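Chain by chain, the residues:
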Amino acid sequence: MITKSNVGQMEKKTQARLVALFRDQLGYDYLGNWIDREGNRNIEETWLRPFLKSRGHDEALIHRAVFEVQKVATDQSQSLYDINRSVYDLLRYGVKVKAEIGENTQTVWLIDWANPEANHFAIAEEVAIKPATSDIAKAYGKRPDIVLYVNGIALGVLELKRSTVSVSEGIRQNLDNQKKIFIQHFFTTMQLIMAGNDTEGMRYGAIETPEKYYLTWKEPSAVENPLDRALLQTCNKQRFLELIHDFLLFDSGIKKLCRQNQFFGVRAAQVHLKRREGGIIWHTQGSGKSLTMVWLAKWIREHVKDARVLIITDRTELDEQIEKVFKGVNEEIVRTKSGGDLIAKLNDTNPWLLCSLIHKFGGKDEGDEEGDISGYIEEMRKALPAGFNPKGDIYVFVDECHRTQTGDLHKAMKAILPNVMFIGFTGTPLLKVDKQTSIEVFGPYIHTYKFDEAVSDGVVLDLRYEARDIDQNITSPAKIDQWFEAKTKGLTDLAKAQLKQRWGTMQKVLSSQSRLEKIVADILFDMGTKDRLLSGRGNAMLVSSSIYQACKFYELFDKTELAGKCAIVTSYKPSPNDIKGQDSGAGLNERLRQFEIYQKMLDGRDAEKFEKDAKKKFIEEPGQMKLLIVVDKLLTGFDAPSATYLYIDKQMRDHGLFQAICRVNRLDGDDKEYGYIIDYKDLFKSLETSIHDYTAGALDGYAKEDVAGLLTDRLEKARERLDEALETIKALCEPVEAQCDTPAYIRFFCGADTSDKTALKDNEPKRLALYKLAASLVRAYADVASEMTEAGYSDAETAAIKASVDHYEKVRNEVKLASGDYIDLKMYEPAMRHLIDTYIRAEESELISAFDDMSLIQLIVERGAGAVDALPKGIRESKEAVAETIENNVRKLIIDETPINPKYYETMSELLDALIAQRKLQAIDYEQYLAVIVELTKKAKNPAAGATYPAEMNTSARRALYDNLGKDETVAAAIDAEIRKTKKDDWRGNRFKEKEVRNAIRAHLSDPGQVDLIFDLVRNQHEY
């Protein structure tokens, strides 16, 4: 006996439970179900005005404050980002208004941030919002599930899904709602945008946050349900306001909310600083360390009397970034130019926020990224004026504190600034030998967020490691000796010995070219077979052991298809001085060759500008700059660009290696699932050792627990990924009827009955899941297809998996065509097509070529019944599948076009229903059915050819009026003429201009209902 279960619980039941949770546990007022309430807005004056009155403001001041916030929130001349930012400023810093002209400006606070309970927290469900009438032909209202109001201002929205539907669907709903065509205007006040279900819990973001970057809140709790747990943690009154007030910022056009590691890192630092204790915040690479600095500095400023914050960095780029981010949150930061300048600024009372660069001095080798701390300290000491007395309570943030482990900076700062508080920030674990020193210098760990935690939270991607051995054996030692003797003829034995010592061995001299060629060939093979590199969306970095070797790599790549898509980025800046006295007449030496290759690459361009342009193209147009060859630059620091593949051909260790391999773990689109490390130097001694002991070899300076989970075996994880992808898509397709043929899949993913007008739309989430899972399966298979045996699959398993991948990829193809999704969701990006051609079934790759640039509807209009021949084999071999495919495509067309001419498409829909009924009753044979459905398709696609219209009804807009005005030619023509005469530019969305158009219609129609109907129809016409 099956007992009552919550499995697959409808979202309405979840919604009812959450309404009770907000009301009973979180203490929010319940405003009701607003599905039928008129005038729903994101600023509800019914609750805002009483709150402001309770703060002691008079009516005049309240009126002006409400007017100001309404004006800012409804300014449709700006982007959603700009409006939302302006609204946030009013919420965060208060509304500056005068009650009367000539009076003093007062600050009206819309929210009492200091006393959460003093505010009015409320929720409403099913909040029906009308579209802002815009300049878009089609505009639709929406109904968010739950909206959170504070003092009548909508600050949060929550979309819910049933437990069997992915949270991703709710996120996409939120993203849709923010489009102009829907209810973008409602989101101008929104601070926290959420989606959730009872299985995955809640995910959150800000306005315009892409789905990939929605966050999950993680915090210990006894509450079992993940959705309830997350809402209780993030939406309790104090936390909700704290997140908005202290952990939100606008950065370079992107609104950002904190992750839980940033929130709890800042919170932990607050506790330490209240006790006058410093410490270290270790948050792994890519987890938002610089924003953590910003939020902590703002908190210090607002909670510590006379507080001043100094941020010490050792990179100009980070110095600039810190400045930009602080300005993004309305805080001015001053960048000091030297140690002396810093002393002068500290001797004054302003500014409160300083950023100081530890300048690099000349004579350092490339890759010595550390600032000259001793020189910096000496400069500060010399600049000390008589009676120096630093002003304020000073807090020093030291970025990348692992580079200042000697403690010299700390000691000097303590001597110059005796009461300074130190907070160290690092993105890499501390070396075992430095751990104790670091704790003595900065204090204990304040908060840690390690690599494996970040991967688990989806903050960064997991890494896949592969050691590749490049054969360096010498094929003819005798010839090498012969070559050496010829080149050193005339030298004494001592001179020959010194020459041999300089080069190490002749194997290094003569085998290096061959070795480099093999690495180049290896990388080119990846470029032509790895889907992300092939697609033009991914890129790679090659770490070379020297500038000269980097130049040799470039020279080799420049003779291949990567010519023009490859660049060297090093500290080398070619100068004529480099080659003075270098030419002995015996051929080009290393320095001459290096100079020549660099000059050829630069082609007259300035080296710094070339590097900047190459890096920009690498980030923004990876298809045009696929490979950067580096030695030390771009491998460390926040500004280092992300890549998909990192090829290492250089001895590296510890911090440098850790930061370098984290270049490839950044999130970068749905098709980037992992970062790949290709190791030509066997830095981890052996693959087996590296899997079981991450501290072997190049990372042995770290404690095991500090780098746990950093690297995983590529083949082992590739097999796990393939098995999981196959199981996931099988689970999705499990409910399909037993025969699992094409008609069964079409019925499951499109609808059991093509006459059901809502089924096609209702099944869209399932289809989107199919498309995504099939693409993921193909990529997972391609990643290991040529190494199935090495991955542990038997021959029988290999054949079965290939057949399954082929099967599900065909299902994806057929469902796209059958549903009418094809033209919106292109069949394959170039990389997917390549993978299918290479690994699955190249012989069928041209089968869908007829659909590359048109929909099935367009093909039917052009070819008639002959369009059936272009359908995939699985569909065209079943008459039922052909019929359902065409019917679904026509149905989708009718649904999409109905707002333009409701009467006409209502007739088309009835004709389609009648034809479907005939087919099911077998009252019409197949050939006759095809002829009729082709004719119906042509009429639906082109109304002018689908009915006989009077001569004067010669445009689609006039025909739409004629059809919807009882075929009254005179009235249709009169209204058309009146609208064309009356309408002004950009009339949609302008209340006064719209009123003029409505009056033009009303002049010819007396029925108010008919006026509304025709006005909506007119608004949907592209001609007007």
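Note: the structure precedes this text.
Residues numbered from 1 in each chain as written. Predicted model: local features only at pLDDT ≥ 70, side-chain atom pairs only at ≥ 80, totals over all residues. Heavy atoms only, no water.

Novice: Which residues make up the overall build of the protein, and what values do they have?
Specialist: The helix and strand inventory of the protein stands at 40 helices and 25 strands. When the 1024 residues of the protein are sorted by exposure, 54% land in the buried category. A sequence separation of at least 24 residues applies to 71% of the contacts in the protein between residues at least 6 apart. Roughly 44,900 Å² of accessible area belongs to the protein as shown, and the carbon and sulfur atoms make up 49% of that amount. (Helix = DSSP H or I, 4+ residues; strand = E, 2+ residues; numbered from the N terminus. Buried < 20%, exposed > 50% of the residue type's maximum accessible area, 1.4 Å probe, protein only. Contact = heavy atoms within 4.5 Å. Areas by Shrake-Rupley, 256 points an atom, 1.4 Å probe, with all protein chains shown as cover.)

Novice: Kindly report on the nonpolar core, identifying the contributing residues and their values.
Specialist: Counting 92 residues, the largest nonpolar core has Leu231, Phe240, Ile300 and Phe397 as its most contacted members. Counting residues per element, this core draws most heavily on helix α9 (residues 289-303), which supplies 8 residues. Among residues more than four places away in sequence, those in contact with isoleucine 300 are Leu273, Ala307, Val309, Tyr395 and Phe397. Tyr465, Val630, Ile648 and Leu683 belong to the second largest nonpolar core, which has 55 residues in total. (Core = buried A, V, L, I, M, F, W, Y, C linked by side-chain atoms within 4.5 Å.)

Novice: How would you sum up the environment of glutamate 169? Please name residues and give values.
Specialist: Along the polypeptide, glutamate 169 turns up in helix α5 (residues 167-177). Between the C-alpha atom of glutamate 169 and that of glycine 196, which follows or precedes it by 27 residues, the distance is 9.3 Å. Beyond its immediate chain neighbours, meaning those up to four positions away, glutamate 169 contacts Lys161, Pro765 and Leu768.

Novice: Run through the packing of helix α33 (residues 879-897) against helix α35 (residues 926-941), naming residues and quoting values.
Specialist: Two numbers describe how α33 lies on α35: the axes approach to 10 Å, and their chain directions differ by 15°. Of the possible angle classes, the one that applies to α33 and α35 is roughly parallel. The chirality of how α33 crosses α35 is left-handed. Contact residues: α33 offers Lys879, Val882, Ala883, Ile886, Glu887, Val890 and Leu893, while α35 offers Tyr926, Tyr929, Leu930, Ile933, Thr937, Ala940 and Lys941. (Axes fitted to C-alpha atoms, helices over the stretch in contact; angles between N-to-C directions. Parallel < 35°, antiparallel > 145°, perpendicular 65-115°, else oblique. Left-handed = near helix turned anticlockwise from the far one by under 90°.)

Novice: Any details on the sheet that holds strand β6 (residues 153-160)? Residues and values, ideally.
Specialist: Overall, mixed pairing links the 7 strands, which are arranged β1-β4-β5-β6-β7-β8-β9 in an open sheet. Looking at which strands have only one partner, the edges of the open sheet turn out to be β1 (29-33) and β9 (215-216). By the bridge criterion, 4 bridges tie β1 to strand β4 (residues 121-125) in an arrangement that is parallel. The residue bridging glycine 32 from the neighbouring strand is alanine 124, located in β4. Contacting β6, β7 (192-197) and β8 (201-205), helix α6 (residues 226-234) crosses the sheet at an angle of about 45° to β8. (Pairing = 2+ DSSP bridges.)

Novice: Describe the pattern of salt bridges, and please don't skip the residues or the numbers.
Specialist: Summed over the entire model, instances satisfying the criterion amount to 39 salt bridges. In this structure, glutamate 169 engages arginine 172 in a salt bridge whose closest nitrogen and oxygen atoms are separated by 2.7 Å. Highlighted residues: glutamate 169 and arginine 172, both in helix α5, separated by 3 residues, approximately one helical turn. A relative accessible area of 15% places glutamate 169 in the buried class. Residue arginine 172 is classed as partly exposed on the basis of its relative accessible area of 25%. Ionic pairing is found between glutamate 1023 and arginine 980, a salt bridge with its closest N-O pair at 2.8 Å. Linking glutamate 1023 in the segment after α40 (1008-1019) with arginine 980 in helix α38 (residues 969-982), this pair joins segments that are 43 residues apart in sequence. Residues joined by salt bridges that share partners form a network here, namely Lys552, Glu555, Arg593 and Glu596. (Salt bridge = Lys/Arg side-chain N within 4 Å of Asp/Glu carboxyl O.)

Novice: Give me the lowdown on helix α2 (residues 45-54), citing residues and values where you can.
Specialist: Among all positions of α2, only Leu48, Phe51 and Leu52 are buried. Taken around the axis of α2, the buried residues stretch over an arc of 95°, which confines them to a single face. Residues of α2 that are exposed and point over 90 degrees away from its buried face: Thr46 and Ser54. Here the buried face of α2 lies against α3 (59-73), β3 (106-108) and β6. Within two residues after α2, glycine 56 carries a phi angle of roughly 95°, on the positive side. (Arc of directions from axis to C-beta.)

Novice: Give me unusual backbone geometry: which residues, what numbers.
Specialist: Of note, the bond from asparagine 350 into proline 351 is cis; its omega dihedral lies within 30 degrees of zero at 0°. Positionally, proline 351 belongs in the loop between α11 (339-346) and β15 (353-357). Even without being a glycine, asparagine 151 presents a positive backbone phi close to 55°. Mapped onto the elements, asparagine 151 comes out in the loop between β5 (146-150) and β6. Although it is not a glycine, glutamate 208 adopts a positive phi angle of roughly 65°. Summarising the element assignment, glutamate 208 is placed in the loop between β8 and β9.

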